[in-house]
Amino acid sequence: MTHPPIKTGLSTSEIEERRLQYGRNTLQLKAKKSLVVAFFEEFKDLMIIILIIATIISFAVGETKDGAVISGIIILNAIIGFVQKYRAEKAVEALKSMLAPQARVLRNGEQASIPAEELVPGDIVLLYEGDRVPADGEIFQANECQTQESILTGESTPVSKSEESGKNRVCMGTMVSHGSARAIVTQIGMMTEFGKIATLTTSTEKDTSPLEKELNRVGIFVGKITLVLAAILTGFGVFVQHQAISDAILFAASVAVAAVPEGLPTTVTIALAIGVQRLAKKHAIVKQLSSVETLGSTTVIVSDKTGTLTKNSMTVEELHAPKENTTLIGYICNLCNNAKIIQGVTLGDPTEGALLTFAEKSGFPEEEAINKAEILHEFPFDSRRKRMTVIAKIQTSNGEKIYALCKGAPEGLLEICTISSEEKNEIIATNESGAQRALRMIGFAYKEISQTEASESYSLETIEKNLTYLGMVGMMDPPREEVPQAIALAKRAGIRMYILTGDHALTAEAIAEKIGLIAPDDHHQIITGDQLENISDEELLTLFKKHIPVIFARVSPENK
């Protein structure tokens with residue numbers, strides 16, 4: 001595939017040609033069944049087939065009332081099952097419609113916004129902070145671009161992207177959390193990484209639920225009993241009572257129909273439907289009625305971490321700073337920051353969003369003071385310096401002052417701060433302690449800039465020098481509030497639970513302790529994705545039977 005000129009993008013003729021060749025940028029899963037087919041599938045259960053045979057026999061022997069009652073039961077059972085599946089399908093379709101984004105592209109030398117499904121390989125997409133990536137692509141121009149890839153990898157930490165580093169690939173469904181970029185679309189639809197995962201999930205072999213297996217066994221048992229009973233009664237009527245064969249068969253058939261438990265399927269269906277409604281009130285979508293019973297038979301739960309056990313949003317957990325430094329730290333959280341919070345939704349880097357929320361909840365400084373502040377210059381974050389600095393003009397009680405405000409990795413700040421060896425060792429110890437508890441540590445520093453320095457052109461080398469260290473915060477993707485109670489209930493019910501995550505093992509361990517899955521002194525085992533690929537199913541089952549808490553870390557979507 002030849003790439004288009006990066007300044008103009010694809011032409012109209014090229015777009016049409018590639019659309020014919022590659023199709024549309026959509027996830028084509030299993031073909032949707034018609035409503036008629038879906039309805040008649042409700043009649044394929046063995047117990048229902050037996051009831052249908054019983055209905056035919058009832059009408060044949062003149063038992064029209066029995067036949068009508070059984071027919072009504074069969075139809076009612078089918079309607080309940082069909083309606084539930086239809087509602088679930090509609091709910092799933094509504095969720096899918098929320099995932100259909102627009103894409104900003106460069107075509108015919110002009111920028112345009114188009115439905116993402118119209119993208120073709122070779123399109124140039126423009127990605128900005130807060131955008132969802134509409135297709136797989138390769139970045140050829142980046143401006144401090146970071147993407148949130150937890151939807152694919154399970155890792156909550158944003159990934160830096162650049163054209164030179166080799167980390168220039170972006171994938172459908174991920175989010176641009178910081179900066180901007182331009183990328184050439186390389187794969188669309190089912191050929192994307194997201195599409196491959198969708199294929200894996202839909203190609204998984206479907207097993208019947210314990211209830212379905214039990215109902216099949218009951219159906220087979222009832223079928224055998226009625227056939228044997230009918231044969232015995234027919235033989236007894238013909239050879240002992242000397243009845244006509246037709247009369248003996250009709251009598252045997254009537255008794256056989258009476259032996260069929262026609263109320264069982266409907267009773268089960270109604271009970272499951274009630275369970276579905278209860279789950280619906282808790283915002284759970286259940287497509288198959290039998291899944292309700294399967295949940296009740298669960299003995300092992302394997303759960304993803306990011307976004308399932310956790311909120312998938314960074315939150316400040318700790319502050320390590322003297323009280324007198326908090327106001328300046330608040331200014332840095334607000335001004336040395338490119339994220340925005342609009343109606344409770346963070347647009348931008350999750351870490352920067354967490355700092356904004358932290359400053360707002362802490363109440364320092366006041367919003368009016370922040371609004372009066374003016375940013376004069378910015379030195380963006382980069383992976384080499386591991387910090388970001390802004391020059392800001394701030395109104396203080398002593399008049400207007402200009403400060404260099406800096407935030408970043410504590411080890412990066414120590415390089416540019418004037419600090420004693422004793423203080424340095426204390427900061428390093430605090431940083432390492434937080435890292436061991438899976439906290440992401442962010443440090444803060446500042447210095448006042450004279451009017452003379454401010455009037456000159458700003459130099460990174462002179463600004464990021466001789467700063468004063470203020471303190472640091474520790475943040476992490478916290479557990480959902482309801483998770484510890486859910487895990488405690490699962491444990492009491494005898495259900496074992498395992499974490500499966502793309503995140504680092506230390507992070508997963510820390511979360512497992514917070515939610516009560518493991519105790520600090522518990523013996524537990526950590527298995528990485530690489531190790532998991534080399535473990536046989538038999539070895540894995542043996543491991544589970546030991547009832548040792550296991551954390552699966554750094555696993556791939558395919559592993560999941």
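About the thresholds
Residues numbered from 1 in each chain as written. Predicted model: local features only at pLDDT ≥ 70, side-chain atom pairs only at ≥ 80, totals over all residues. Heavy atoms only, no water. Helix = DSSP H or I, 4+ residues; strand = E, 2+ residues; numbered from the N terminus. Rg over C-alpha atoms; globule rule 2.2 N^0.38 Å. Contact = heavy atoms within 4.5 Å. Areas by Shrake-Rupley, 256 points an atom, 1.4 Å probe, with all protein chains shown as cover. Lys, Arg positive; Asp, Glu negative; His and termini not counted. Charge placed at Lys NZ, Arg CZ, Asp CG, Glu CD. 1 Å grid on protein atoms, 1.4 Å probe; cavity = no way out; pocket = protein on both sides within 12 Å on 5 of 7 lines; lining within 4 Å. Points joined across faces, edges and corners; volume = space filled by probe spheres on them. Nonpolar A, V, L, I, M, F, W, Y, C, P; charged D, E, K, R; others polar. Buried < 20%, exposed > 50% of the residue type's maximum accessible area, 1.4 Å probe, protein only. pLDDT = per-residue confidence, 0-100. Pairing = 2+ DSSP bridges. Axes fitted to C-alpha atoms, helices over the stretch in contact; angles between N-to-C directions. Expected span 1.5 Å × (residues − 1). Arc of directions from axis to C-beta. Parallel < 35°, antiparallel > 145°, perpendicular 65-115°, else oblique.

*Asks:* Help me out: how do you make sense of the overall build of the chain in this one?
*Replies:* Helix and strand counts for the chain stand at 21 helices and 19 strands. What you see for the chain is a C-alpha radius of gyration of 32 Å, clearly larger than the 24 Å of a compact globule of 560 residues, by over 25%. When its C-alpha atoms are laid out on the principal axes, the chain stretches across 125 × 65 × 50 Å. Counting only contacts in the chain whose residues sit at least 6 apart along the sequence, the fraction spanning at least 24 positions is 71%. As displayed, the chain has an accessible area near 30,400 Å², and 56% of this comes from carbon and sulfur atoms. Taken together, the 56 basic and 70 acidic charged side chains of the chain have centroids lying 4 Å from each other.

*Asks:* Where do I start with the layout of surface pockets in this structure?
*Replies:* Any empty space left between atoms is shown by rolling a water-sized probe over those atoms. If you add up the space inside the second largest pocket, you get close to 1,000 Å³. Surrounding the second largest pocket, 36 residues form its lining, Thr157, Thr351, Arg440, Met441 and Ile442 being those nearest its centre. Going through the elements one at a time, β5 (159-161), α12 (350-362), β14 (399-408), α14 (410-414), α15 (421-436), β15 (440-449), β16 (468-476) and α19 (505-514) are the ones with two or more residues in the lining of the second largest pocket. Split into classes, the residues belonging to the lining of the second largest pocket amount to 16 nonpolar, ten polar and ten charged.

*Asks:* Any chance you could explain unusual backbone geometry here in plain terms?
*Replies:* In terms of backbone geometry, most residues other than glycine have negative phi values and most peptide bonds are trans. Within the chain, asparagine 108 stands out as a residue other than glycine whose phi angle is a positive 55 degrees. Looking at where asparagine 108 falls in the secondary structure, it is placed in the loop between β1 (102-107) and β2 (110-115). Taking the relative accessible area as the measure of exposure, asparagine 108 reaches 45% and is therefore partly exposed.

*Asks:* What should I look at first to understand the confidence of the model for the chain in this one?
*Replies:* The predicted structure's coordinates, where accompanied by low pLDDT, should not be read in detail. Per-residue confidence for the chain gives a mean pLDDT of 84, with 93% of residues at or over 70. Confidence, expressed as mean pLDDT per element, reaches its minimum in the chain at helix α16 (residues 451-455) with 69 and its maximum at β16 with 95.

*Asks:* Sorry if this is basic, but what is going on with the pairing of β14 here?
*Replies:* Within a regular beta strand, the side chains point alternately toward one face of the sheet and then the other, so they alternate between its two faces. Within β14, seven of the ten residues are buried, leaving the element largely enclosed by the surrounding structure. Across ten bridges, strand β13 (residues 387-396) lies against β14 in antiparallel orientation. Looking at β14, one finds that valine 390 is bridged to leucine 405. In textbook terms, the turn of a hairpin is the stretch between consecutive antiparallel strands, and for β13 and β14 this stretch comprises two residues.

*Asks:* Would you explain the sheet that holds strand β9 (residues 315-320) in this entry?
*Replies:* Through backbone hydrogen bonds, the strands of a sheet pair up, either in parallel or in antiparallel fashion. Taken in spatial order, the six strands of this open sheet run β9-β16-β15-β14-β13-β12, and their pairing is antiparallel. Both outer strands of the open sheet, β9 and β12 (374-382), are each paired with one neighbouring strand and no more. Sheet twist, expressed as the mean angle between neighbouring strand axes with direction ignored, is 25 degrees. Bridge count between β12 and β13: six bridges; the pairing is antiparallel. The residue of β13 that forms the bridge with phenylalanine 379 is threonine 389. Strands β9, β12, β13, β14, β15 and β16 of the sheet are contacted by helix α11 (residues 326-335), whose axis makes an angle of about 70 degrees with β14.

*Asks:* Would you mind showing me how to read α15 here?
*Replies:* The α-helix winds at 3.6 residues per turn, so residues separated by three or four positions along the chain end up facing the same way. Taking 1.5 Å of rise per residue, 16 residues should cover 22 Å, and α15 covers 22 Å from first to last C-alpha, within 8% of that figure. Buried within α15 we find Ile427, Thr430, Asn431 and Gly434. Looking straight down α15, one finds that the buried residues subtend no more than 100 degrees of arc, so they occupy a single side. Of the exposed residues in α15, those oriented more than 90 degrees away from the buried face are Ser421, Glu422, Asn425 and Gln436.

*Asks:* Explain the packing of helix α7 (residues 210-240) against helix α9 (residues 263-281) here, please?
*Replies:* Each pair of packed helices can be summarised by the angle the axes make with each other and by the distance between the axes. At a closest axis distance of 12 Å, the pairing of α7 and α9 adopts a crossing angle of 170 degrees. For the element pair α7 / α9, the angle class is roughly antiparallel. Facing Leu211, Leu215 and Val218 of α7, the residues of α9 in contact are Leu264, Val268 and Leu272.

*Asks:* Explanation requested: the sheet that holds strand β8 (residues 300-304) in the structure shown.
*Replies:* Overall, parallel pairing links the four strands, which are arranged β8-β17-β19-β18 in an open sheet. Taken across any chain shown, the strands that pair with only one partner, and hence form the sheet edges, are β8 and β18 (525-528). Strand-to-strand twist of the sheet, defined as the mean angle between neighbouring strand axes without regard to direction, takes the value 20 degrees. Here β18 pairs with strand β19 (residues 550-553) via four bridges, running parallel. For glutamine 525, the partnering residue across the bridge sits in β19 and is valine 550.

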